[in-house]
Structures are given as structure tokens and as C-alpha cells.
Amino acid sequence: TVNGAGDYETIGRAVADAPMDAVIAVCNGFRLDESFIVEKRVTIAGNGAGRSIIQGPVDQSVITVRPDGDLTLRGLTLQSDETGIIVDAGVLTLD
């Protein structure tokens, strides 16, 4: 669970530590300002559009999915001034 004060403070750290096929929960009302890379099969699940928000840093993409990455996003809002998601031969599912 990513909530800023509990299990993980960032999605990037949760993804890095997650086993294959993990579901990473992003708490309601939680807003992150980060950029991260996905290199395994994981699901990142929020509590609905506008409730769990990932804001990309200035001049960076929010998420990069590498060739071994297989990412499912569910119930999240992504905001970015640049590229939101880069899929570098990986798989992205929006659920």
C-alpha cells in the first residue's frame, strides 16, 4: 500500500520491491509527484479517477514501461506536463 506514511511513500519504491503479479494499492486522496520505471508484471490500483492522482515531475514522463514490464493501471488519474506514459516494448493495460 502506498499512502505516504505507511508501507511505502512512493509507487516507485513499491514497484521496485514488489514480487511478480503484485497489486500495489494507492490510497484514496493520495497525490504523488514522481516518475518511475516498471520492469515486471504488476498492477497499480487507486480508488477512482480524481481520488488517487499521480502527478509527473516537470520535464519527465510519469511512468516508463520497459520491455519486460507488464503494467495494469486501475482507478488512477495521471497528470503530466510532459509525456504521461512511455511504453518501451512493454505492455500497458488501462482498466
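Refer to the structure presented above.
Calculation rules
Residues numbered from 1 in each chain as written. Predicted model: local features only at pLDDT ≥ 70, side-chain atom pairs only at ≥ 80, totals over all residues. Heavy atoms only, no water. Core = buried A, V, L, I, M, F, W, Y, C linked by side-chain atoms within 4.5 Å. Buried < 20%, exposed > 50% of the residue type's maximum accessible area, 1.4 Å probe, protein only. Helix = DSSP H or I, 4+ residues; strand = E, 2+ residues; numbered from the N terminus. Contact = heavy atoms within 4.5 Å. Pairing = 2+ DSSP bridges. Axes fitted to C-alpha atoms, helices over the stretch in contact; angles between N-to-C directions.

**Student:** I tried to follow the nonpolar core on my own but got confused; where do I start?
**Tutor:** Within soluble globular proteins, side chains that are nonpolar generally end up buried alongside one another. One finds Ile11, Phe36, Ile44, Ile63 and Leu71 to be the most contacted residues of the largest nonpolar core, which totals 20 residues. Among the secondary structure elements, those contributing two or more residues to this core are α1 (11-17), β1 (22-25), β3 (36-38), β4 (41-45), β6 (63-65) and β7 (70-74). If one sorts the elements of this core by residue count, α1 sits on top with three residues. Those residues within four positions of phenylalanine 36 in sequence are excluded, and the remaining contacts are Ile11, Gly12, Val15, Ile44, Ile54, Val62, Ile63 and Thr64.

**Student:** Explain the sheet that holds β1 to me, please; I cannot follow it from the model alone.
**Tutor:** Note on sheets: strands pair through backbone hydrogen bonds, and any given pair is parallel or antiparallel. Pairing within the open sheet is parallel, and its four strands lie in the order β1-β4-β7-β10. Among the strands making up the open sheet, the edge pair consists of β1 and β10 (91-94). The mean angle between the axes of side-by-side strands here comes to 15°, regardless of whether they run parallel or antiparallel. As defined by bridge partners, β4 adjoins β7 across five bridges and the pair is classed as parallel. By the bridge assignment for β7, valine 42 is matched with leucine 71.

These figures capture arrangement, not role.
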